[in-house]
Amino acid sequence: MRSRLASMFYANAQMNPDKLAIWCDGKTATYKEMADLVSRYSNLLLRQGAAYGDHIAIPMNNSIESVALFFSAADLGICVVPLNPSLPLEAIKAAMAAGDIKHVIARRAFFADCEKSGGLDIPGFAICLDKEYPGTVPFEKINEMPVERPEIDHDVDGSESLILTMTSGSTGTPKPIDISQDNKYERSMAHIRVYKITQDDKILAATPLYHSLAERLVILPLILGATSILLPRFTPAIWLKCVEEQKPTFTIAVSAQLAQILELLKQPDAPKITSFRSIVSSSALLEASVKYELIDLLKCEFHEMYGTSEVSTVTDICFQETKNKQNSVGKPFDEAEIRILRDESESDFDTDCAPGEVGEIAVKSKLQCKGYYKQEAMMNAAMFGDYFRTGDLGYLDEDGYLYFAGRKKELIITGAINVYPHDIDVVVGRLPEVEECAAFAYPDDRLGEVVALAVVPKEDQEINLRALKTYCARNLADFQQPHKIFIVDKLPKNTMGKLQRMAILDYVRENGLDQ
Amino acid sequence: MENVKEFIIDYIQREYDIPDDVDILNLNYVEEGYIDSLGLIQFIAVIEDEFGITFTDEDLESEDIKVVGKMAELIASKMEGAAE
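Residues numbered from 1 in each chain as written. Chains lettered and ligands numbered in written order. Predicted model: local features only at pLDDT ≥ 70, side-chain atom pairs only at ≥ 80, totals over all residues.

Another point: the overall build of chain A. Across its full length, chain A carries 14 helices and 27 strands. What you see for chain A is a C-alpha radius of gyration of 24 Å, in line with the 24 Å of a compact globule of 515 residues. With respect to the principal axes defined by its C-alpha atoms, chain A has extents near 70 × 50 × 50 Å. Counting every position in chain A, which comprises 515 residues, the buried fraction comes to 46%. Restricting to contacts in chain A with at least 6 residues of sequence separation, those with at least 24 account for 63%. (Helix = DSSP H or I, 4+ residues; strand = E, 2+ residues; numbered from the N terminus. Rg over C-alpha atoms; globule rule 2.2 N^0.38 Å. Buried ≥ 20, exposed ≤ 12 C-beta atoms within 10 Å, placed from the backbone. Contact = placed C-beta atoms within 7 Å.)

Next up on the list: the overall build of chain B. For chain B, the count of helices and strands is four helices and zero strands. Along its sequence from the N terminus, chain B presents helices and strands in the succession α-α-α-α. Rg of the C-alpha trace for chain B: 12 Å, near the compact-globule value of 12 Å for 84 residues, within the 12% margin. If one aligns the C-alpha atoms of chain B with their principal axes, the spans along those axes are about 40 × 25 × 20 Å.

All names here are of chain A. Two elements in contact, helix α1 (residues 4-15) and helix α2 (residues 31-48), have axes whose closest approach is 8 Å; the angle formed by their N-to-C orientations is 140 degrees. As summarised for this structure, α1 and α2 are arranged oblique, according to the angle between their axes. Helix-helix and strand crossings are classified by hand; for α1 and α2 the assignment is left-handed. Mapping the contact onto sequence places Y10, N12 and A13 in α1 and Y31, K32, M34 and A35 in α2. (Axes fitted to C-alpha atoms, helices over the stretch in contact; angles between N-to-C directions. Parallel < 35°, antiparallel > 145°, perpendicular 65-115°, else oblique. Left-handed = near helix turned anticlockwise from the far one by under 90°.)

Each partner contributes to the interface: chain B provides eight residues, whereas chain A provides 13 residues. In terms of residue class, the side of chain B that touches chain A is made up of two nonpolar, two polar and four charged. (Nonpolar A, V, L, I, M, F, W, Y, C, P; charged D, E, K, R; others polar.)

What follows covers the nonpolar core. Residue and element names in this part refer to chain A. Counting 128 residues, the largest nonpolar core has M34, A73 and V80 as its most contacted members. Formed jointly, this core draws a minimum of three residues from each of two domains, domain 1 (4-205) and domain 2 (304-407). Contacts of M34, omitting those with residues within four sequence positions, involve A13, A21, I22, A29 and A68. In terms of nonpolar packing, the next biggest core, distinct from the first, is built from 22 residues, A439, Y442, A454 and V508 among them. (Core = buried A, V, L, I, M, F, W, Y, C linked by C-beta atoms within 7 Å. Domains from an automatic or database assignment.)

This part covers the pairing of strand β14 (residues 301-308) of chain A. Successive side chains on a regular strand alternate, one facing one side of the sheet and the next facing the other. Residues and elements named next belong to chain A. By the criterion of burial, β14 is predominantly enclosed, with seven of the eight residues buried. As a crossover connection, the stretch from strand β13 (residues 278-282) through helix α10 (residues 288-298) into β14 is right-handed. Sheet topology places β14 next to strand β15 (residues 312-318); six bridges connect them, and they run antiparallel. The partner of T308 across the bridge, within β15, is S312. Linking β14 to β15, which pair antiparallel, is a turn of three residues. (Right-handed = clockwise from strand over helix to strand, strands pointing away. Pairing = 2+ DSSP bridges.)

Backbone hydrogen bonds hold the strands of a sheet together, and the pairing may be parallel or antiparallel. All names here are of chain A. Sheet architecture is open: nine strands sit in the order β2-β1-β11-β10-β12-β13-β14-β15-β16, paired in mixed fashion. Where the open sheet ends on each side, the last strands, each with one partner, are β2 (27-30) and β16 (331-332). Where strand β1 (residues 20-24) lies against strand β11 (residues 227-230), three bridges are found, and the strand directions are parallel. Each residue of the ladder has a partner; that of I22, found in β11, is S228. The strands touched by helix α9 (residues 255-265) are β12 (250-254) and β13; relative to β12, the strand with the most contacts, the crossing angle is about 100 degrees.

The next subject is the domain arrangement of chain A. The assigned domain composition of chain A is domain 1 (4-205), domain 2 (304-407) and domain 3 (412-510). Computed from C-alpha atoms alone, the centre-to-centre distance between domain 1 of chain A and domain 3 of chain A is 41 Å.

Our focus in this paragraph is helix α4 (residues 89-98) of chain A. Residues and elements named next belong to chain A. Here α4 has its buried residues at I92, A95, M96 and A98. An end-on view of α4 places all buried positions within 160 degrees of arc, on one side of the element. α4 presents E90 and A97 as exposed residues on the side facing more than 90 degrees away from its buried surface. Positive backbone phi, at 50 degrees, marks D100, one or two positions downstream of α4. (Arc of directions from axis to C-beta.)

All names here are of chain A. Summarising the element assignment, G394 is placed in strand β21 (residues 387-396). Counting along the chain gives 38 residues from G394 to G356, while the straight-line C-alpha distance between them is 8.8 Å. Those residues within four positions of G394 in sequence are excluded, and the remaining contacts are I340, V358, I361, L402, Y403, F404 and A405.

Right, let's get into the pairing of strand β3 (residues 55-59) of chain A. Residue and element names in this part refer to chain A. With respect to burial, β3 is a largely interior element, five of its five residues being buried. With five bridges connecting them, β3 and strand β4 (residues 79-83) associate as parallel partners. Among the inter-strand pairings, I58 is bridged to a residue of β4, identified as P82. When β3 meets strand β5 (residues 103-106), the two strands line up parallel, connected through two bridges. For A57, the partnering residue across the bridge sits in β5 and is V104.

You can see F333(A) is positioned in the loop between β16 and β17 (336-341). Distance in space between the C-alpha atoms of F333(A) and V314(A) is 5.8 Å, their sequence separation being 19 residues.

So, on to unusual backbone geometry. All names here are of chain A. The phi torsion at D100 lies on the positive side, around 50 degrees, for a residue other than glycine. Along the chain, D100 turns up in the loop between α4 and β5. Accessibility expressed as a C-beta count within 10 Å gives 17 for D100, which makes it partly exposed. Although it is not a glycine, K247 sits at a positive phi angle of roughly 55 degrees. The topology assignment puts K247 in the loop between α8 (236-246) and β12.

Quick look at the environment of I64(A) now. Residue and element names in this part refer to chain A. Along the polypeptide, I64 turns up in helix α3 (residues 64-76). By C-beta crowding, I64 is classed as buried, having 21 other C-beta atoms within 10 Å. A sequence separation of 191 residues divides I64 from S255, and the C-alpha atoms of the two residues are 25 Å apart. Beyond its immediate stretch of four places on either side in the chain, I64 contacts I22, C24, K27 and A29.

The next thing to look at is the packing of α1(A) against helix α7 (residues 212-224) of chain A. Residue and element names in this part refer to chain A. It is the contact of α1 with α7, at a shortest axis distance of 7 Å, that shows an interaxial angle of 55 degrees. Classified by the interaxial angle, the pair formed by α1 and α7 is oblique. Between α1 and α7, the contacting residues are L5, M8, F9 and N12 on the first element and I219, L222 and I223 on the second. Residues belonging to the contact of α1 with α7 are distributed by class as follows: six nonpolar, one polar and no charged.

What follows is the structure, encoded as structure tokens:
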């Protein structure tokens, strides 16, 4: 039995050999060329000694070769562990240890850094992607490999881990999310159905490939027989140029990117973008004004989704079809069911929140990952029966639409009153001089915590603290008032542009603002 | 000067090859996404350590440090200043 994902891709290559399979950074590959690359990559891995079930780490950049690796790995029953190449070496080594890494594929700079800090201790081979490095196999050897899909001596039934996604950043214990080949297949099929994706679509992936969103967006088109457009790196200008030239029809973007893209699209000399039939915003709720302006400029169907790497996409909403649910993240996919859990509900099963009542979002989904790799206890702790506790807060309305209300951990508890920081962000974010802002918990002897606010002013604008306080006093409840306001140059975010609210306090302290 | 240029070009290609047809000395590596604003802070620290120089606040505010050739010139001039 051969890998279903790999076989679907090879079947597409046989049916449409000359069709464009993928574009990345000015380079292209037809389905035939991509199939040859995947086979050569598989042959290279096999000749170096890779075997069924091995784990290969790769500090991953966005390239056609990286995408080929996913399909080679699928075909051989190997697991890829994509790492963020900009992480400090120590964090990469911790992630490699947590992921039982046997082999490594990396660029020269990575091997040089490893050597400086005592070398790289792995049992298997190392492949160097750019030129040569002592003790490694040059990737260029791939050109000597046969283009035939290799025979394998082990069934690949789909239960194999295909990707371990590392969720923690530069600190903390890595939490490897274990995604099987079947997971990837089911997730792709669910998205193809919900977003009516066809072989005619050109699907843009504009986030890093070491994150599950982009992995989904490159695997999906190639098993469907569509075209993948992979942005090498994200800046709003690179995105716009790529979209203008490659004319993608569908993308799932993170909301922080869309806000930046909008700024550029509003410039008088901005090109007209008309190729999209549908755009999905993910990761965080998009500000309504940004949404309206994007729809006006891009003239396409606009969706928002909610999900986590563990359970994939949970809900979706099409903005144009549900105008009376503007702030909702939508209704569940057919594969998913949602419960909203009240606090202290570990032992009590009758603790679902009433419609409109905020609680923790818990999800039961057929798209759920295999678990956290070798961290069963951590996964069990996150489960409530069959439901995965997302750590996110939200509520359902009477029609079953989900509304997002912030991260559970981000909750500010001031004098026993719960404050949802997102509510404050939205209100202060409406001020014209504010680029972005975030409320966060500040330790306080009397109240336990008080509300603090970090504000990034728009370029060339100043924040008048007195006016800001007056505005808050007028527009927020008393328990929501920020006790402390910090003017900052930026907010701490992860690589996906998601706000790291828990890191703001450290950020203002490190920058000497907390005096 | 050549080794300074080489060091910069090497560093900004840690994750991606710069295509052959790019005018590398005039490349704005931040605008082109080779290093982002957070990465730039790290890059500055690496350069200061490597060449034993210190950037002033004025240097860091200047757009020139984001351009390969101009950054190389700035580093070289600081190294000369330090050697005198």
